[in-house]
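Spelled out, the chains give:
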Amino acid sequence: MVKILEMIGLVLVAIMSLGFVGVFEPYGIKNGTSELFWGCAGGTLLIIIYRKMKRKQDEKEE
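This write-up is about the structure you can find in this document.

Procedures and definitions
The residue numbering used here restarts from 1 in each chain and proceeds along that chain's sequence as written. It should be noted that, the model being predicted, local features are given only for residues of pLDDT at least 70 and side-chain atom pairs only at 80 or more, the latter also being counted only at that level, while totals for whole chains, interfaces and linings use all residues. The basis for every side-chain value is the complete set of heavy atoms in the structure, and neither hydrogens nor water enter the calculation. In this text, helices come from DSSP runs of H or I with a minimum length of four residues, and strands from runs of E with a minimum of two, each type numbered from the N-terminal end. Only the C-alpha atoms count toward the radius of gyration. The rule for a globule is 2.2 Å times the residue count to the power 0.38. Exposure is judged per residue with a 1.4 Å probe applied to protein chains only, and the accessible area is read against the type maximum: over 50% gives exposed, under 20% gives buried, and values in between give partly exposed. In what follows, residue pairs with any heavy atoms lying within 4.5 Å of each other are defined as contacts. Using the Shrake-Rupley algorithm and a 1.4 Å probe, accessible areas are obtained, with residue cover drawn only from the displayed protein chains. Put simply, buried Ala, Val, Leu, Ile, Met, Phe, Trp, Tyr and Cys residues joined by side-chain atoms within 4.5 Å make one nonpolar core. To obtain an axis, a line is fitted to C-alpha atoms, over the contacting stretch when the element is a helix, and the angle between two such axes runs from 0 to 180 degrees between their N-to-C directions. Should an angle fall under 35 degrees it is taken as roughly parallel, and over 145 as roughly antiparallel, whereas 65 to 115 is taken as roughly perpendicular and any remaining angle as oblique. For any helix crossing, the convention is left-handed if the near helix is rotated counterclockwise from the far helix by under a right angle, and right-handed if that rotation is clockwise. Excluding any residue in a salt bridge, patches collect residues exceeding 30% relative accessible area, merging like charges within 9 Å and nonpolar Val, Leu, Ile, Met, Phe, Trp and Tyr side chains within 5 Å. The salt bridge criterion pairs a side-chain nitrogen of Lys or Arg with a carboxyl oxygen of Asp or Glu, the two atoms within 4 Å. This count recognises Lys and Arg as positive and Asp and Glu as negative, with His and chain-terminal groups excluded. We put the charge of a Lys on NZ, of an Arg on CZ, of an Asp on CG and of a Glu on CD. Cavity: a set of points on a 1 Å grid over the protein atoms alone where a 1.4 Å probe fits but cannot get out. Pocket: an open set with protein on both sides within 12 Å along at least five of seven lines, its lining residues, like those of a cavity, having an atom within 4 Å of a point. Grid points are joined across faces, edges and corners, and a volume is the space filled by probe spheres set on the points. Three residue categories are used. Nonpolar comprises Ala, Val, Leu, Ile, Met, Phe, Trp, Tyr, Cys and Pro, charged comprises Asp, Glu, Lys and Arg, and polar comprises the others, including Gly.

## Quick look at the overall build of the protein
For the protein, the count of helices and strands is 2 helices and 0 strands. Since a compact globule built from 62 residues should have a radius of gyration of about 11 Å, the 15 Å found for the protein marks it as more spread out than a globular shape. Seen along its three principal axes, the alpha-carbon backbone of the protein occupies a region of about 50 × 20 × 15 Å. Per-residue burial for the protein yields a buried fraction of 21% across its 62 residues. Across the protein, every contact between residues at least 6 apart in sequence was considered, and the portion connecting residues at least 24 apart equals 50%. Accessible area of the protein: about 5000 Å², with a carbon and sulfur share of 67%.

Next up, the structure:
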């Protein structure tokens, strides 16, 4: 599960970076801080928070 979350997080960061520099502009997505950027940033943040909570829970169980 951790490896899957890491891969999803890396994909989200990559899409966020590409969207920020304007690679997706020919497809109608504006560059900079667009909805694509904030969506990927939010998804990445949720993965980080979930993993941190899971790690704390695992430490308490041990």
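Still to come is the rest of the account.
## A word on the nonpolar core
Within the largest apolar cluster, 6 residues are counted, these being Leu 5, Leu 12, Met 16, Phe 37, Cys 40 and Ile 47. Broken down by secondary-structure element, the contributors of at least two residues to this core are helix 1 (2–21) and helix 2 (35–61). The residues touching Leu 12, leaving out its near neighbours within four places in the chain, are Cys 40, Gly 43, Thr 44 and Ile 47.

## Observations concerning the packing of helix 1 against helix 2
The angle between the axes and the distance between the axes are what describe a pair of packed helices. In contact at an axis separation of 9 Å, helix 1 and helix 2 are set at 155° when each is read in the N-to-C sense. Of the possible angle classes, the one that applies to helix 1 and helix 2 is roughly antiparallel. Between helix 1 and helix 2 lies a crossing of left-handed hand. Where helix 1 approaches helix 2, its residues Val 2, Leu 5, Glu 6, Ile 8, Gly 9, Leu 12, Val 13, Ile 15, Met 16, Gly 19 and Phe 20 are matched on the opposing element by Leu 36, Phe 37, Cys 40, Ala 41, Gly 43, Thr 44, Ile 47, Tyr 50 and Arg 51.

## Concerning a negative patch on the surface
A contiguous patch of negative charge on the surface is contributed by Asp 58, Glu 59, Glu 61 and Glu 62. Within the secondary structure layout, Asp 58 lies in helix 2.

## Here's the deal with the layout of surface pockets
The probe, sized like a water molecule, is rolled over the atoms to show the empty space still left. By volume, the largest pocket is sized at about 150 Å³. Taken together, Met 1, Val 2, Leu 5, Tyr 50, Arg 51, Lys 54, Arg 55 and Asp 58 make up the full set of residues lining the largest pocket. Mapped by element, the contributors of at least two residues to the lining of the largest pocket are helix 1 and helix 2. Of all the elements, helix 2 adds the most residues to the lining of the largest pocket, at 5 residues. Classifying every residue of the lining of the largest pocket by side-chain character gives 4 nonpolar, no polar and 4 charged.

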